Amino acid sequence: MALASVTDEFVAHIRARGREWDLGQASEFLVVAATLLDLKAARLLPAASVEDEEDLALLEARDLLFARLLQYRAFKQVASVFTERMVVAGRWHPRAVSLEPQARHAAARAWS
């Protein structure tokens, strides 16, 4: 997943929460985004070299995990919305009455 996509999803998540967003979560995201940008810049520059491939692999794994956690949180929030809507819909009951004779005759005439 591209950094831009993850960033757009995170910004949408923060905006959806309004004033209740978590500063710690936003700070962690900024650290991960800055790390990803640093890694991408290092790969784009011709003279850039990575000092420790193992550290790079750990950073990439951490960044991927963070992106997946953001997606998981979004799916979890959507699932709670669906659950709430299903509970509300479960309280609805269809009306189990027949039509009055006059309405039944009018409907029969309309369909013939």
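Residues numbered from 1 in each chain as written. Predicted model: local features only at pLDDT ≥ 70, side-chain atom pairs only at ≥ 80, totals over all residues. Heavy atoms only, no water.

An unreviewed UniProt entry lists the protein chain under the name Segregation and condensation protein A, from Angustibacter aerolatus.

1. Regarding the overall build of the protein chain
Applicable threshold: Starting at the N terminus, helices and strands are each numbered in turn, a helix being any DSSP run of H or I of at least four residues and a strand any DSSP run of E of at least two. Burial classification: accessible surface area is computed with a 1.4 Å probe over protein chains only, and a residue below 20% of its type maximum counts as buried, one above 50% as exposed, and the rest as partly exposed. Residues count as neighbours in contact if any of their non-hydrogen atoms are within 4.5 Å of one another. Reported accessibility uses the Shrake-Rupley method at a 1.4 Å probe radius. Residues are deemed covered only where the shown protein chains occlude them.
Across its full length, the protein chain carries 4 helices and 0 strands. Beginning at the N terminus, the succession of helices and strands in the protein chain can be written as α-α-α-α. C-alpha atoms of the protein chain, sized along the principal axes, occupy 85 × 35 × 25 Å. Taken over 112 residues, the protein chain has a buried fraction of 15%. Within the protein chain, contacts between residues at least 6 apart in sequence are counted, and of these 63% link residues at least 24 apart. Split by element, the accessible area of the protein chain, about 9600 Å² in all, is 62% carbon and sulfur.

2. As for the packing of helix 2 (residues 23-44) against helix 3 (residues 53-90)
We count it as follows: Think of each axis as a best-fit line through the C-alpha atoms, taken over the contacting stretch in the case of a helix, with angles from 0 to 180 degrees between the N-to-C directions. Roughly parallel here means an angle under 35 degrees, roughly antiparallel means over 145, roughly perpendicular means 65 to 115, and every remaining angle is called oblique. The sense of a crossing depends on the near helix, which, turned anticlockwise from the far helix by less than a right angle, makes the crossing left-handed and, turned clockwise, makes it right-handed. Under the scheme applied, nonpolar residues are Ala, Val, Leu, Ile, Met, Phe, Trp, Tyr, Cys and Pro; charged residues are Asp, Glu, Lys and Arg; polar residues are all the others, including Gly.
One way to put it is that helix 2 packs onto helix 3 with a least axis distance of 10 Å and a crossing angle of 135 degrees. Classified by the interaxial angle, the pair formed by helix 2 and helix 3 is oblique. For the crossing formed where helix 2 meets helix 3, the hand is left-handed. In this structure, helix 2 contributes Gln25, Glu28, Phe29, Val31, Val32, Thr35, Leu36, Leu39 and Arg43 to the contact, and helix 3 contributes Leu56, Leu59, Glu60, Arg62, Asp63, Phe66, Leu70 and Arg73. Per-class residue counts for the contact of helix 2 with helix 3 are 9 nonpolar, 2 polar and 6 charged.

3. Quick look at the environment of Glu60
Considering the arrangement of structural elements, one finds Glu60 in helix 3. Residue Glu60 is classed as partly exposed on the basis of its relative accessible area of 33%. Separated by 25 residues in sequence, Glu60 and Thr35 have C-alpha atoms that sit 9.0 Å apart. The residues contacting Glu60, other than those within four sequence positions of it, are Leu39 and Arg43.

4. Quick word on the environment of Lys76
Checked against the element boundaries, Lys76 lands in helix 3. Expressed as a C-alpha distance, the spacing of Lys76 and Arg109, which sit 33 residues apart in the sequence, is 51 Å.

5. Re the pattern of salt bridges
Basically, it comes down to this: A pairing counts as a salt bridge when a side-chain nitrogen of Lys or Arg comes within 4 Å of a carboxyl oxygen of Asp or Glu.
For the structure shown, the criterion picks out 1 salt bridge. Residue Arg62 pairs with Asp63 through a salt bridge whose shortest N-O separation is 3.7 Å. The partly exposed category is assigned to Arg62, whose relative accessible area is 37%. Among the residues examined, Asp63 registers a relative accessible area of 5% and is labelled buried.

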